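Given next are the chains, with one letter for each unit.
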Amino acid sequence: MPFEQDINGVAANALVRNRTHNISLPVEPPGSTGNVSSSPVDQIQEQNHANTVRISVLRESLRPITLKFEDVSYAIELRENRGNCFSSPQPKVKRNILDGVSGVVRPGELLAMLGPSGSGKTTLLTALSSRLPGKISGSITYNGHPFSSSTKRKTGFVTQDDVLYPHLTVLETLTYASLLRLPNKLTRQEKIEHAELTIMELGLTTCRNSMIGGPLFRGISGGERKRVSIGQEMLVNPSLLLLDEPTSGLDSTTAQRIMATLRKLACSGRTVITTIHQPSSSLYMMFDKILVLSEGCPIYSGSANKVMDYFASIGYKPGFHFMNPADFLLDLANGVNPEARQDDQMEFHGSQNEHNATKQFLISSYKKNLLPILKEEIQRASQDEIHPGKSLPSRSSENQWTNSWWLQFKVLLSRGLKERRHESFSGLRIFQVLSVSIVSGLLWWHSDTNHIQDQVGLLFFFSIFWGFFPLFNAVFTFPQERPMLTRELSSGMYRLSSYYLARIAGDLPMELVLPIIFTTITYWMSGLKPSLITFLLTLSIVLLNVLVSQGLGLALGAVLMDVKQAATLSSVMILVFLLASGYYVQHMPPYINCLKYFSFSHYCYKFLVAVQYSKNEVYECGWGGKECRVQDFPAIKYLGIDSMVVDMAALIVMLVGYRVLAYVALSFSSCYGWPTTSAYGTLDFALALRLADEGVTITVIFAVAVAALIMQSQ
Ligand SMILES: Nc1ncnc2c1ncn2[C@@H]1O[C@H](COP(=O)(O)OP(=O)(O)OP(=O)(O)O)[C@@H](O)[C@H]1O
Ligand SMILES: [Mg+2]
């Protein structure tokens, strides 16, 4: 692992030096860098110059952003009953999630969103990061402009649920993020140093080499995972940082530390917005602005230190003197009068009507007293933006991507290989393939052309085993990666094309090594034609078949993006292709005969047979040494062995076509939103991945059993 060595070795020392020098930014005389200096003073000067360049590159990425949102509303359509065979679907019901939320956050300010669970904090934060699907009414602007791709890269978004690759270590996660997201003006080494700095800053040094972990195996703790998520966004030095509950699940000291880091980031000119559940009083003191939501409606939006005065002015005071302001605000957002809470604990829960009345009063007070002031502030902020020099104009010359396509591809390929190193060459898989190959070799042990039915059966087995095994593995690829892909594409981390090709290239070693082992063992054990050329051709056809079937799996996964649907459809397709491939049924009715032309296993099987037998080859077909021509054997006659070019062309068209389809489906979804499906939770994937292997095994057993029955009956 090159970057680990880099970090542990020389770079770590350089890092510590850099940290000291970063505090003051020395101005270097021009031209001093080119000299080969030997004295310690010169070395320090060189070091200082390097730091100046590095910091200026990171500073360059800091463009102050004023975020304004005005009357933001968002509704979703709920269908209570989707209907079934016996009942008609109910009409859709509209539910308001956000209703007229406004605010303005300037560079240097830290806004905290408070509210009970389900009040719409995450929804608002997602809307502010421009990642909310569906139509949002109202306006959200960044320096007076709508969301653009350059704003996208200046925005960091930490989601409530941590979306991380489970098999990468903390260091790997942050280093890959750093390599992909930091501008190409920084060298690889500087990017790695930057990742290491972030690890130190977030107190992750003790777990830097531990894996993140997932639902099936334990990794770092929840709090550490949250800090890694924050680190991924912090290291790009975003101008606008949005965080969804960054302190949930953390002890108070760590929470304090994270909030202090956010405060520091805000003080250095960033715009920071965070949602937070129950902050302690000391955390509360760090907020500049507060937005309190109650069932999607704002009850307060403005300065944090004026909030108590405002609620006192409309008749609400904390029940006792030292009450945490956040507790007081949450009580109010829930419709609970904090004074009543102290007076009569028994009545605390009150009636639902009372709570609703309190909420309604607070919402209407907000509209009457605060909204006009807020609108004025938004207006003022808009005028500031028009004023020249206040905010930097958008740099039209700015390249849309921070790094080249090739660099993105290389980093993504390396990350993919690391992430899937365990899954790829797991002992179980190798055992599965080795055992099946040895058992098949023994079953068909030294079969010869005189037992042509057996040999044809083996060739068919090659085509189905290596047709469906990769398909089932590939079908879960994109649904499984969807959360990560969505997050990374929406932050402009890389191009879809570099991700796609890196993913396909990363799968190749695993997809190709196992079939090579399998074919080599089974081919020579089973006594197929003992010719190196025929063996190599057979192997190439099996590998082509693997790639076609993998492409179909990728396309199904990319189009449906749903584990359950993709698994169901692929099992149906597997069976249809299997049955139509020409082994089981040779006299299909004409109206369904065309199915075989869509079956890649049909072409593979036909191609394998054609390579194995020459046109004039004969076999013993009766008593007394009677010989028949191979091409007259019924199963082979039906297939025809003189159209190898067509078979190869069909497989190549499918190889390219399915991959293009998968890419088009992915880019369509990434532009217009992913299909809304329920089944893409991590746990579902864990189960799905287990089911995938079981599904393949069951299908293959089923196919072999049917084949055995047919052979018995002949
Ligand atoms: N796509 C959706 N389908 C159904 N309900 C939704 C959807 N999106 C949001 N909601 C509902 O909108 C409300 C607000 O959700 P949101 O996640 O924004 O709440 P929150 O304030 O972040 O809550 P928490 O503090 O628990 O994270 C919730 O009642 C949630 O169930
Ligand atoms: Mg939330």
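Computed from a predicted structure; not experimentally measured.

Here is what the cut-offs are and how they apply
- Residues numbered from 1 in each chain as written.
- Chains lettered and ligands numbered in written order.
- Predicted model: local features only at pLDDT ≥ 70, side-chain atom pairs only at ≥ 80, totals over all residues.
- Helix = DSSP H or I, 4+ residues; strand = E, 2+ residues; numbered from the N terminus.
- Buried ≥ 20, exposed ≤ 12 C-beta atoms within 10 Å, placed from the backbone.
- Contact = placed C-beta atoms within 7 Å.
- Near = placed C-beta within 6 Å.
- Nonpolar A, V, L, I, M, F, W, Y, C, P; charged D, E, K, R; others polar.
- Axes fitted to C-alpha atoms, helices over the stretch in contact; angles between N-to-C directions.
- Parallel < 35°, antiparallel > 145°, perpendicular 65-115°, else oblique.
- Left-handed = near helix turned anticlockwise from the far one by under 90°.

Colleague: How would you sum up the overall build of the protein? Please name residues and give values.
Modeller: Along the backbone of the protein there are 27 helices and eleven strands. Here the protein holds 714 residues, and 40% of them are scored as buried. Long-range contacts, defined here as pairs at least 24 residues apart, represent 76% of the contacts in the protein between residues at least 6 apart.

Colleague: Account for the site of ligand 1, naming residues and giving values.
Modeller: Around ligand 1, a shell composed of Ile76, Ile97, Gly115, Ser117, Gly118, Ser119, Gly120, Lys121, Thr122, Thr123 and Gln160 is seen. Take the shell around ligand 1: its biggest share by element is three residues, from helix α4 (residues 121-128). When grouped by side-chain class, the residues that make up the shell around ligand 1 number two nonpolar, eight polar and one charged.

Colleague: Before we move on, can you summarise the environment of glutamate 233 with the specific residues and values?
Modeller: As for its position among the elements, glutamate 233 is in helix α8 (residues 222-234). Judged by local crowding, glutamate 233 falls into the buried class, with 22 C-beta atoms found within 10 Å. C-alpha of glutamate 233 to C-alpha of alanine 177: the two residues are 56 residues apart in sequence and 8.6 Å apart in space. With sequence-adjacent residues up to four places away left out, glutamate 233 is seen in contact with Gly156, Phe157, Val158, Pro238 and Leu241.

Colleague: Quick one: what's the story with the packing of helix α17 (residues 427-443) against helix α20 (residues 496-526), residue by residue and with numbers?
Modeller: Packed helices, taken two at a time, are described by the angle between their axes plus the distance between the axes. In the contact formed by α17 and α20, the axes pass within 8 Å of each other and the chain directions differ by 15 degrees. Considering their axes alone, α17 and α20 lie roughly parallel with respect to each other. Judged by the twist between their axes, the crossing of α17 over α20 is right-handed. Along the contact surface, α17 presents Arg429, Val433, Ser437, Ile438, Ser440, Gly441 and Leu442, while α20 presents Leu514, Ile517, Phe518, Ile521, Thr522, Met525 and Ser526.

Colleague: Residue-level account of unusual backbone geometry, with values.
Modeller: The phi torsion of most residues other than glycine is negative, and most of the peptide bonds are trans. A positive phi angle is found at serine 130, which is not glycine, with a value near 65 degrees. Residue position: serine 130 is located in the loop between α4 and β4 (136-142). Despite not being glycine, histidine 446 shows a phi value in the positive range, around 45 degrees. Mapped onto the fold, histidine 446 is located in the loop between α17 and α18 (452-474). Note on histidine 446: 11 C-beta atoms within 10 Å, which makes it exposed.

Keep in mind these values describe shape, not function.
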